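Breakdown of the fold
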Amino acid sequence: MAYSSSLLRKITDAGLFGSSESGPNGIWLYRSTAASTEATATGYFARAGIGSRSPTSQAADNLGMRVGDIVIVSESTGGATPGRTTIHSAIGSTANQASTSASTGFNAGYDVSISST
């Protein structure tokens, strides 16, 4: 299943590694029919990462995920393994050249990759 930003929710600012200028680490829940192996594809969480090419504004769909955040992936009843839950960490956040080159995507959040299980 393709990533859907409406299924990704920030549960809390955890402060697991202390607070820094960029803020505490967060814990996120992604509950969908996608298997954890799908969610670990490079850049799967499109536009979910904090940051954009514009230093003064952020797009409304930029969720603010940071490298080091914890991501819980849970398969819903429509998935191949309903109830399977895996824990990952955000390991990379990169600009999506295709979306950030367009004038409408200039403020888009970065794509986020998570660790494999």
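Residues numbered from 1 in each chain as written. Predicted model: local features only at pLDDT ≥ 70, side-chain atom pairs only at ≥ 80, totals over all residues. Heavy atoms only, no water.

**A few points about the side chain of Ser 74**
Tracing the backbone through its elements, the reader meets Ser 74 in strand E4 (residues 70–75). Side chain to side chain, Ser 74 and Arg 31 meet in a polar contact 2.9 Å long. In this structure Ser 74 touches Leu 29, Tyr 30, Arg 31, Ser 32, Arg 84 and Thr 85, once residues within four positions along its chain are discounted. (Helix = DSSP H or I, 4+ residues; strand = E, 2+ residues; numbered from the N terminus. Polar contact = N/O pair within 3.5 Å; in protein donor to acceptor, adjacent residues only side chain to side chain. Contact = heavy atoms within 4.5 Å.)

**A word on the nonpolar core**
Counting residues in hydrophobic clusters, the biggest one holds 15 residues, and the most contacted among them are Tyr 3, Leu 8, Tyr 30, Tyr 44, Phe 45, Met 65 and Val 71. When contributions to this core are tallied by element, the ones reaching two or more residues are strand E2 (26–32), strand E3 (45–49), E4 and strand E6 (110–114). Leave out the neighbours within four places in its chain, and Met 65 touches Leu 8, Trp 28, Ala 48, Gly 49, Ile 50, Val 71, Ala 90 and Val 112. (Core = buried A, V, L, I, M, F, W, Y, C linked by side-chain atoms within 4.5 Å. Buried < 20%, exposed > 50% of the residue type's maximum accessible area, 1.4 Å probe, protein only.)

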